[in-house]
Amino acid sequence: MKHSIITRINFTDLTLLDHYLEITKNVLVPALKSQTNKNFDLVVITNPEIVDLLRSELDYPFTAVYGNGQCFSYLLDNEINIQTRHDCDDYMSSTYVQKIQETYLSNYKRYDKFIVQAQPTQLIYQTGEE
């Protein structure tokens, strides 16, 4: 089973990029590192002008793709079974990947295609309160 977590960091406004990059480094990256199940890769939809900056700032390996078309090709070419769309400023619990993959494994033989919908926990960035 192959699982890709896909996020978008595709800003032309550098002030806005700096803002979201700080949140990504403080929320998403630690959440990715804390996953109990590490059987996934990170795919970042971005643009070539900022990919070097992202590689230097994010302390997490990722595959850069440029646009939705290239992302779609990456998923098909690499035979990705699970795609998780995740905003770059969103929190995820440490069992996020594990629960998604458990749900996939318990359903993939029952349905040709299906969507797993989950209601996320809100994390207030300024206070750290869930």
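Our subject is the structure listed above.
Novice: Describe the overall build of the chain, with residues and values.
Specialist: Along its length, the chain carries four helices and four strands. N-terminal to C-terminal, the α/β element order of the chain is β-α-β-α-β-α-β-α. By principal-axis analysis of the C-alpha atoms, the chain measures approximately 45 × 35 × 20 Å. In the chain, which comprises 130 residues, the proportion classed as buried is 37%. Considering only residue pairs separated by 6 or more positions, the chain has 67% of its internal contacts joining residues 24 or more positions apart. Accessible surface computed for the chain: about 8,200 Å², of which carbon and sulfur atoms make up 48%. Within the chain, the 17 negative side-chain charges are centred at a point lying 10 Å from the centre of the 11 positive side-chain charges.

Novice: Account for the environment of Gln101, naming residues and giving values.
Specialist: Looking at the element boundaries, Gln101 is found in helix α4 (residues 96–107). By relative accessible area, Gln101 is classed as buried at 3%. In the structure, Gln101 is positioned 15 residues away from Val116 in sequence and 10.0 Å away in space, judged by C-alpha atoms. Other than its neighbours up to four places away in sequence, Gln101 contacts Met1, His3, Asn37, Asn39 and Ile82.

Novice: So, the pattern of salt bridges: which residues are in play, and what are the values?
Specialist: Scanning the model with the defined rule gives three salt bridges in all. Across the pair Glu57 and Lys25 runs a salt bridge, and its minimum N-O distance is 2.6 Å. With Glu57 in helix α2 (residues 51–57) and Lys25 in helix α1 (residues 14–33), this residue pair connects regions lying 32 residues apart in the sequence. When the shortest N-O distance is used, the salt bridge between Asp59 and Lys33 registers 2.5 Å.

Novice: Pulling in residues and values, what's your account of the side chain of Asn107?
Specialist: Position of Asn107 among the secondary structure elements: in helix α4. Judged by its relative accessible area of 14%, Asn107 falls in the buried class. One polar contact links the side chain of Asn107 to the main-chain carbonyl oxygen of Thr103, over a distance of 2.8 Å. Here the side chain of Asn107 touches Ser106 through a polar contact of 3.2 Å, side chain to side chain.

Novice: Let's hear about the pairing of strand β1 (residues 3–8): which residues, and what values?
Specialist: Among the six residues of β1, five are classified as buried, and the element is accordingly described as predominantly covered. Sheet topology places β1 next to strand β4 (residues 82–85); four bridges connect them, and they run parallel. Each bridged residue has a counterpart across the sheet, and for Ile6 the counterpart in β4 is Arg85. Two elements, β1 and strand β2 (residues 41–45), share five bridges in a ladder whose sense is parallel. Its bridge partner lying in β2, Arg8 is registered against Ile45. In this fold, the crossover linking β1 to β2 by way of α1 has right-handed handedness.

Novice: Which residues make up the side chain of Thr24, and what are the values?
Specialist: The residue Thr24 is located in helix α1 in this model. When its relative accessible area of 2% is taken as the criterion, Thr24 is described as buried. Within polar-contact distance, the side chain of Thr24 engages the backbone oxygen of Cys88 at 3.1 Å. Discounting chain neighbours no more than four positions away, the residues touching Thr24 are Ile9, Val29, Pro30, Leu58 and Cys88.

Conventions used here
Residues numbered from 1 in each chain as written. Predicted model: local features only at pLDDT ≥ 70, side-chain atom pairs only at ≥ 80, totals over all residues. Heavy atoms only, no water. Helix = DSSP H or I, 4+ residues; strand = E, 2+ residues; numbered from the N terminus. Buried < 20%, exposed > 50% of the residue type's maximum accessible area, 1.4 Å probe, protein only. Contact = heavy atoms within 4.5 Å. Areas by Shrake-Rupley, 256 points an atom, 1.4 Å probe, with all protein chains shown as cover. Lys, Arg positive; Asp, Glu negative; His and termini not counted. Charge placed at Lys NZ, Arg CZ, Asp CG, Glu CD. Salt bridge = Lys/Arg side-chain N within 4 Å of Asp/Glu carboxyl O. Polar contact = N/O pair within 3.5 Å; in protein donor to acceptor, adjacent residues only side chain to side chain. Pairing = 2+ DSSP bridges. Right-handed = clockwise from strand over helix to strand, strands pointing away.

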